[in-house]
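Spelled out from the first residue to the last, the chains are:
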Amino acid sequence: MDRDYPNHLALSHHIAAPARRFYEGEMASPPVVRFAPSPTGRIHIGNARTALLNWLFARRRNGTFILRFDDTDPERSKAEYADAIEADLKWLGITPDLVRRQSERMAAYDEAAARLRALGRLYAAYETADELDRRRKRQQALGRPPIYDRAALRLSEAERAALEASGRKPHWRFLLEPSIVRWDDAVRGESHIDCASLSDPVLRREDGTYLYTLPSVVDDIDFGITHVIRGEDHVTNTAVQIQIFEALAGAAPRFGHHNLLTDAGGGGLSKRAGALSIASLRAKGIESLAVAALAVLVGSAEAVRPVDSLDELAGLVDPSHLSHGAARFDEAELEALSARTLHRLPYAAVADRLAALGVAGPKAEALWLAVRGNLSRLDDAAIWREVVEGEVAPIVEDADFLKLAVSCAPEGPWDQSTWGAWTTRLKELTGRKGRALFHPLRLALTGREAGPELAVLLPLMGRARALARLSGQSV
RNA sequence: GCGCCCAUCGUCUAGCGGUCCAGGACGCCGCCCUUUCACGGCGGAAACGCGGGUUCGAUCCCCGCUGGGCGCGCCA
């Protein structure tokens, strides 16, 4: 890093000093990563994958995770979206160590732009957006790559003066060196991009505002980012950014580009981002732990499986174990994983959420353990609370049989062996077995076709309630 | 159109020239727990895109084709 680069914009006490060092071979100090969404909408499963990969990476290595809002586009950025994104991340279990906004750091970008200009790497260009658009289309039509021709560099002083005199304001482009930029990608290994095939990127608009590229690099430098983990839609940007990093700081952080997700049909995800928004998954009652697990495990060498915590998940995630091709994200698989996640959650992990559903008190844990294996969403625990201690309208399929069941009901108190003894007696009395024996009882006792084992439900339900329901009473 | 990346069971993948008549996970099917639905346990079916090379020998290396993802913005 340049010695003379001003340090005053760097994060001070928030981040341990060693974290400011850029990546150098094997990691010596805890990493600093960032997730940098633009607050122009809610996040979907694809964004969540990036956020989680960063968070889990930092978490496992005692690193720092920064949430950085790339809100340089004042037209589209909204504070409400930023808040919503933070809420979505929190639901996933991600709490940033630091939150920053690019809109608050204009001075730093001005300073960096001035340095690039002094270095001869930033030049004024006067084409209008329309002109550039037409030019691109013409190049495409001719079968040529749509690359900026650097006409601005060939302007004479007189031409430039005339343009300025006519009121034209320039936008500013970064002068790319025509080299092949190489880096060792944390996911994809040795990578390279030929910058001769790229346009000089516009860093600053004619109105003085910045595009994503420069602020991103400046922030990565000033915040001491050691690893940039992002989607592979950014690989081409990497070449450009490495050149800017080198111009500004002498070195670039380590990059890792994870594979992208497609929808169940194999198409790009952005089109149906709404359907797979974190908010919608949450509204459907999907477990956040399942969303997190599938988001980072799919498309990796690790088997998709339920986890008990994000820490456990962190142990399963490694950038080098991600595959390089797009992977399918199937919502049906998510729902199945969510159910399996639920089936193993200990009471302590869900006590608060259960209490909010009205499942609390001394019997709450026993109820949870009795029903969790049967749930596909946690909210359904409330149904079984109703069955066990609330009111249920029994379904009477065979009144005579139920009457017989009442007449031979064991005396209390009931325990887990009660059900077996009771049904064995009924079998002897009627010769019934299988579905004919159990189905009418389940229907009357719970009002439902399916559910947890009655042997465990019965003691929780109690003798009086059970007998009343078998008699057709709603209790 | 040009560039980058990818190509193994339905899906996510392991495989890094002989160890593969290809391993795991989910899903599916069957059996068991149970004399019910579900949960759980056990077992089974199921794949190397196509065509050329290289090699004694290709899933693994090279080329082409096909298919797919991404990029080529005064978006991020």
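In case you missed it, the structure is sitting above this.
Residues numbered from 1 in each chain as written. Chains lettered and ligands numbered in written order. Predicted model: local features only at pLDDT ≥ 70, side-chain atom pairs only at ≥ 80, totals over all residues. Heavy atoms only, no water.

A.B. asks: Could you give an account of the overall build of chain A, with specific residues and numbers?
C.D. replies: Assigned secondary structure in chain A consists of 19 helices and twelve strands. If one aligns the C-alpha atoms of chain A with their principal axes, the spans along those axes are about 110 × 50 × 35 Å. Expressed as a percentage of the 475 residues in chain A, the buried residues total 48%. Considering only contacts in chain A between residues 6 or more positions apart, those separated by 24 or more positions represent 76%. Total accessible area on chain A stands at roughly 21,900 Å², and carbon and sulfur atoms take up 50% of it. Taking the 61 positively charged and 64 negatively charged side chains of chain A as two groups, their mean positions are separated by 2 Å. (Helix = DSSP H or I, 4+ residues; strand = E, 2+ residues; numbered from the N terminus. Buried < 20%, exposed > 50% of the residue type's maximum accessible area, 1.4 Å probe, protein only. Contact = heavy atoms within 4.5 Å. Areas by Shrake-Rupley, 256 points an atom, 1.4 Å probe, with all protein chains shown as cover. Lys, Arg positive; Asp, Glu negative; His and termini not counted. Charge placed at Lys NZ, Arg CZ, Asp CG, Glu CD.)

A.B. asks: An account of helix α13 (residues 364-371) is needed here, citing residue identities and associated values.
C.D. replies: Side chains that are three or four residues apart share a direction in an α-helix, a result of its 3.6 residues per turn. Inspection of α13 places Ala364, Leu367, Trp368, Ala370 and Val371 among the buried residues, and these make up the whole buried set. One side of α13 holds all its buried residues, which, seen down the axis, span an arc of 165°. Here the buried face of α13 lies against α11 (331-343), α12 (347-356), α14 (381-389) and α18 (454-461). (Arc of directions from axis to C-beta.)

A.B. asks: Provide a residue-level description of the packing of aromatic side chains, including the pertinent values.
C.D. replies: Counted under the stated rule, the structure contains six aromatic pairs. Between the aromatic rings of phenylalanine 245 and phenylalanine 255, the centroid separation amounts to 6.2 Å while the plane-to-plane angle is 70°, which identifies the pairing as edge-to-face. Taken together, the positions of phenylalanine 245 in helix α7 (residues 235-249) and phenylalanine 255 in strand β10 (residues 254-258) put the pair ten residues apart, joining distant regions of the chain. For phenylalanine 255, a relative accessible area of 2% translates into the label buried. Among the aromatic residues, those joined into a cluster by ring pairs are Trp414, Trp419, Trp422 and Phe438. (Phe/Tyr/Trp six-rings, centres within 6.5 Å; stacked < 30°, edge-to-face > 60°.)

A.B. asks: So what about unusual backbone geometry? Which residues, and what values?
C.D. replies: Glycine aside, residues mostly have negative phi, and peptide bonds are mostly found in the trans state. The backbone of asparagine 62 shows a phi angle near 55°, a positive value even though the residue is not glycine. Position of asparagine 62 relative to the elements: it lies in the loop between α1 (45-60) and β2 (64-69). Although it is not a glycine, arginine 150 sits at a positive phi angle of roughly 60°. Mapped onto the elements, arginine 150 comes out in the loop between α4 (129-141) and α5 (157-165).

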